[in-house]
Amino acid sequence: MSHAAAETEPEQPPPADDHAFFGQPRGLMTLSGLEVWERFSFLGMQAILVLYFADTVAHGGMGMEPGTAASVSAAYGTLVYLVSVAGGWLADRILGSYRAVLYGGILIACGHYAMAVPTDAMTWVGLGLISAGTGLLKPNVATMVGKLYRTEDERRDAGFALYYMGINIGAFLGPLITGWLGDHASWHWGFSAAAFGMTLGLIQYVAGRRHLAGRKHAAEYALAPGPMRRAVLLIVVGAVVVAAAATGLALAGWLTMDRFVDVLTLISVIAPVVYFVVMFRSPRVTAEERGRLRPYVVLFLASVVFNFILFQAYSTMMLLASTNARTEVFGFHFPASWYASALGAFEVALAPVVAAVWAKMGPRQPHASNKIAIGVVLGGLSFLLMVLPTSGHSGDTYKMAAWWIVGSYLMLGLGDILLETSGMSATTKLAPRAFSSQTMALWFLSLALANGIQAQIVKLYGEVSNPAYFGVNGAVAVAAGVAVIAAAPWLKRTMHPVH
């Protein structure tokens, strides 16, 4: 057999007797370790990003108004998830999963190192590199985890549980380190810690590559040589043209930050609409599959509403914590950004509890649509809770007890566990067979849309009272969750085979 043939041949998962990592394949340790450090760097940076934007120039920040800072932070999230859709395609057709994750990690690390340089220009360069890198890495790591198991391997669900625990460990640790450095040294020292974390993740990823299935260079569904060359040329030329056009428009004064945010929001709205129209009209989608797509639209919108609230844990909630929450517990002082670590801590602690409850209930557990609806309601309640400590003050110099924000994050964490696990499972089961390889793209589009909407709504933060801001947004989310519960009979009928 030729070398070329070997490169394109699908790679088999490791032997079923590989139980080296808590009874799981050795490769799971490599991929979980990578995710610990990727989330450490990504969420560690995000926990201080909005604070850096809003801090005064004299203190090393960028001097933005709070609403603008939150809007730009949300636009960055929009860009990350929009690029993730393209990242999955690049891995499938050109790079292969292993190289896509490797190159993505390198771009992320370079982006964080760029942000460590204390200039505004390097901040924007760094955010661009991190967006591109996360778009390559994020959708493909989970795919590589799946390749560690044969279809009939009963360890798969437990393996993914360990993998997601790694994600939340990184989400817990990242803000602790970057937040302390940002508070005691400078924001750019915090960004340096994120860069160091991503570098460690890359080192252990490369060191453990021999334990990974799908590590060969060829993409699983690689384009033929001719179309691949044309695709690469189009991508390169397109990137250069877009960059040149954006630079020219910015220099001419037309492409302001506000307009850039608006463009990203518009794209985040158009992309899922086009995606669903293509699926509904595709001749490759059967009438039965089209029937299952209708309830999925409802679940997609529920995901948008919940994640609109969830992502504000790193924007408006961080701003509120930095100005109106006490940063002392039992005499111990901590940076405001440490509140973000509570979210990861709650998810690490609650995930096994929720899994045990569902296992004990067995067939009596709620339908997937009701789990998602409860998650959305909890997201709304987490914002409604903030109405209580922010009400009844004559000025904005008050300080609420730490437990108010911690309690809000507790509800958010539980809601995230309920929605994300059921939502991802429903996505894989309800997507038409012809689009099965693009199910992750659908999910990322819901996250992009949530960030795109957030980028507009958070502009009101600081312009309206805090009780009004959190009260209205929370009430809308609760109403959306109740609407999904009300639609449960129809959803149960049309969502087969989801239970």
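Conventions adopted
Residues numbered from 1 in each chain as written. Predicted model: local features only at pLDDT ≥ 70, side-chain atom pairs only at ≥ 80, totals over all residues. Heavy atoms only, no water. Helix = DSSP H or I, 4+ residues; strand = E, 2+ residues; numbered from the N terminus. Rg over C-alpha atoms; globule rule 2.2 N^0.38 Å. Buried < 20%, exposed > 50% of the residue type's maximum accessible area, 1.4 Å probe, protein only. Phe/Tyr/Trp six-rings, centres within 6.5 Å; stacked < 30°, edge-to-face > 60°. Patch = residues over 30% accessible without salt bridge, like charges linked within 9 Å, V, L, I, M, F, W, Y side chains within 5 Å. Areas by Shrake-Rupley, 256 points an atom, 1.4 Å probe, with all protein chains shown as cover. Salt bridge = Lys/Arg side-chain N within 4 Å of Asp/Glu carboxyl O. pLDDT = per-residue confidence, 0-100. Contact = heavy atoms within 4.5 Å. Axes fitted to C-alpha atoms, helices over the stretch in contact; angles between N-to-C directions. Parallel < 35°, antiparallel > 145°, perpendicular 65-115°, else oblique. Left-handed = near helix turned anticlockwise from the far one by under 90°. Nonpolar A, V, L, I, M, F, W, Y, C, P; charged D, E, K, R; others polar.

**Quick look at the overall build of the protein**
Across its full length, the protein carries 18 helices and 2 strands. Relative to the globule expectation of 23 Å for 499 residues, the C-alpha radius of gyration of the protein, 22 Å, shows essentially globular dimensions. Across its three principal axes, the protein shows a C-alpha extent of roughly 75 × 55 × 45 Å. Considering the protein as a whole, with its 499 residues, one finds that 50% of them fall into the buried category.

**Comments concerning the packing of aromatic side chains**
Describing an aromatic ring pair means giving the distance of the ring centres and the angle of the ring planes. Applying the stated criterion to the full structure yields 19 aromatic pairs. Ring geometry for F53 versus W124: centroids 5.8 Å apart, planes at 25 degrees, classification stacked. Of this pair, F53 sits in helix α2 (residues 26-54) while W124 sits in helix α5 (residues 120-146), and the two are 71 residues apart along the sequence. Under the relative-accessibility criterion, F53 is labelled buried at 0%. For W124, a relative accessible area of 32% translates into the label partly exposed.

**What to know about unusual backbone geometry**
A positive phi is found at F330, a non-glycine position, where the angle reads about 55 degrees. Assignment of secondary structure puts F330 in the loop between β1 (328-329) and β2 (332-333).

**With respect to a nonpolar patch on the surface**
On the surface, L266, I270, V274 and V278 cluster together into a nonpolar patch covering about 350 Å² of accessible area. When you line up the elements, V278 lands in helix α9 (residues 257-281). Look at V278 and you get partly exposed, because its relative accessible area is 43%.

**Re the confidence of the model for the protein**
Across the protein, the average pLDDT comes to 88, with 92% of residues at 70 or higher. For the protein, per-element mean pLDDT is lowest for helix α1 (residues 3-8), which scores 39, and highest for helix α17 (residues 466-486), which scores 97. In this model residues 1-10 is a low-confidence stretch, pLDDT under 50, and it forms 8 contacts with partners more than four residues away in sequence or in other chains.

**Observations concerning the packing of helix α3 (residues 66-95) against α5**
Packing of α3 against α5 leaves a shortest axis separation of 6 Å and a crossing angle of 45 degrees. When the interaxial angle is binned, α3 and α5 end up oblique. Both α3 and α5 take part in a crossing whose hand is right-handed. The segment α3 lies against α5, with V72, Y76, L79, V80, V83, S84, G87, G88, L90, A91 and L95 engaging W124, L127, I130, S131, A132, T134, G135, L136, P139 and N140.

**Notes on the packing of helix α10 (residues 287-310) against α17**
Viewed as axis vectors pointing N to C, α10 and α17 meet at an angle of 155 degrees, and their least axial separation amounts to 10 Å. Considering their axes alone, α10 and α17 lie roughly antiparallel with respect to each other. In the crossing of α10 with α17, the sense of the turn from one axis to the other is left-handed. Here V298, A302, V305, F308 and I309 of α10 lie close against α17, whose contacting residues are N473, A477, A480 and V484. Split into classes, the residues belonging to the contact of α10 with α17 amount to 8 nonpolar, 1 polar and no charged.

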